[in-house]
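Coordinate analysis (summary)
Spelled out, the chains give:
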Amino acid sequence: MAIGVKALHLSVVPHVLAIAGAVMVLVWNIHFRGGLAWESSNKNLIFNIHPVLMLIGFIIIGGQAIMSYKALPLKKEVKKLIHLVLHAIALILGITGIYTAFKNHNESGIPNLYSFHSWLGIGVIVLYGIQWIYGFLVFFYPGGSTGLRRESLPWHVLLGLLVYILAVGNASLGFLEKLTFLENSGLDKYGAEAFLVNFTAIVTILYGAFVVFTVFSIAPQEDDYSYSSI
């Protein structure tokens, strides 16, 4: 099934949204939240790394990995490598982003894994890692048999989309959770920062939606189905 739009053309929209989302999350955490720091007496600066890495590193680069195999007019092997590397970068940055949340909590005396957002986040990153490892072994190296790849492909696509949609949803849930904490601590509910966070969540959802749309758009002629678009 494909929608009647070329993937390369459709991918322009999520690229614009990716730039907007990256700028917005950086403005929020640097301008409004005080900046980013790996080590600081102000533990909030450590936590600020978390939303930046999860959005830019995990959601945006992860989405680029998905679109790269579908939209780029390159040879299959080149697209496969780009796809694999981008997903690996997204996974590494996502793990680092989760680590900063634990680091902030541990150094601030805050309990870990007390919210649905944190539970779902751990589940998503584990599934993402399993998906990457399986894709690497079956579709890249050492590579499965033709029959195994053919049978695995629809499940690889389906599970890849499911994991990515869960990641986007959980990122939006994270924005809501953080904004709720801030508002309960006195942040103006109708102030500039509150609006910025809400609009960043909206851009995140729109970006994820257009990434999914790109999967179902028309691929360049060079594309074949020996490897998943996820």
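Residues numbered from 1 in each chain as written. Predicted model: local features only at pLDDT ≥ 70, side-chain atom pairs only at ≥ 80, totals over all residues. Heavy atoms only, no water.

The name that an unreviewed UniProt entry assigns to the chain is ascorbate ferrireductase (transmembrane), with the source organism given as Hibiscus syriacus. The record held by UniProt for the chain lists under Cofactor (unreviewed entry) the comment "heme b". As recorded by UniProt, the Subcellular location (unreviewed entry) comment attached to the chain reads in full: "Membrane". (UniProt positions renumbered as here; feature names shortened; annotations may be inferred.)

1. Topic: the confidence of the model for the chain
Where the model shows low pLDDT, its predicted coordinates should not be examined in detail. Residues at a pLDDT of 70 or more form 95% of the chain, whose mean pLDDT is 93. Helix H2 (residues 12-32) holds the highest mean pLDDT among the elements of the chain, 98, whereas helix H1 (residues 7-10) holds the lowest, 90. Contacts of residues 223-230 to residues separated by more than four positions or lying in other chains number 35 contacts, the stretch itself having pLDDT below 50. (pLDDT = per-residue confidence, 0-100. Helix = DSSP H or I, 4+ residues; strand = E, 2+ residues; numbered from the N terminus. Contact = heavy atoms within 4.5 Å.)

2. A few points about unusual backbone geometry
Between Tyr141 and the following residue, Pro142, the backbone shows a cis peptide bond with an omega angle of 0°. Inspection of the secondary structure assignment puts Pro142 in the loop between helix H6 (116-140) and helix H7 (146-184). Phi is positive for Leu113, which is not a glycine, with a value near 55°. As for its position among the elements, Leu113 is in the loop between helix H5 (76-108) and H6.

3. A few points about the environment of Leu187
By the element assignment, Leu187 lies in the loop between H7 and helix H8 (192-215). Between the C-alpha atoms of Leu187 and Leu148, which are 39 residues apart in sequence, the distance is 54 Å. Apart from residues lying up to four places away in sequence, Leu187 is in contact with Leu179, Leu182, Glu193 and Ala194.

4. Overview of the packing of helix H4 (residues 49-71) against H7
Working note: a packed helix pair is described by the angle between its axes plus the distance between those axes. Orientation of H4 relative to H7, taken along the N-to-C sense of each, is 155°, at an axis distance of 11 Å. Judged by the angle between their axes, H4 and H7 are roughly antiparallel. Crossing handedness for the pair H4 and H7: left-handed. Taken together, the residues of H7 that come into contact with H4 (itself represented by Leu55, Phe58, Ile59, Gly62, Gly63 and Ile66) are Tyr164, Ala167, Val168, Ala171 and Phe175. (Axes fitted to C-alpha atoms, helices over the stretch in contact; angles between N-to-C directions. Parallel < 35°, antiparallel > 145°, perpendicular 65-115°, else oblique. Left-handed = near helix turned anticlockwise from the far one by under 90°.)

5. Concerning the packing of H4 against H8
Two elements in contact, H4 and H8, have axes separated by 9 Å at closest approach and are oriented at 20°. Accordingly, the angle class assigned to the pair H4 and H8 is roughly parallel. Taken as a pair, H4 and H8 cross one another with a handedness that is left-handed. Contacts between H4 and H8 pair Leu55, Ile59, Ile60, Gly63, Gln64, Ile66, Met67, Lys70 and Ala71 from the former with Thr200, Thr204, Tyr207, Val211, Thr214 and Val215 from the latter. Of the residues in the contact of H4 with H8, the class split is 9 nonpolar, 5 polar and 1 charged. (Nonpolar A, V, L, I, M, F, W, Y, C, P; charged D, E, K, R; others polar.)

6. Points about the UniProt feature "transmembrane region" (unreviewed entry) in the chain
As annotated by UniProt and renumbered to match this structure, "transmembrane region" (unreviewed entry) occupies residues 12-32, 52-69, 81-99, 119-141, 153-175 and 195-219. For the annotated span residues 52-69, helix accounts for 100% and strand for 0% of the residues, and the straight-line distance between the end C-alpha atoms is 25 Å. Between the end C-alpha atoms of residues 195-219 the distance is 37 Å, and the span holds 84% helix and 0% strand.

7. What to know about the environment of Ile66
Residue placement: Ile66 occurs in helix H4. In this structure Ile66 comes out as buried when scored by relative accessible area, which is 1%. Measuring from C-alpha to C-alpha, the distance between Ile66 and Gly160 comes to 8.9 Å, with 94 residues separating the pair along the chain. (Buried < 20%, exposed > 50% of the residue type's maximum accessible area, 1.4 Å probe, protein only.)

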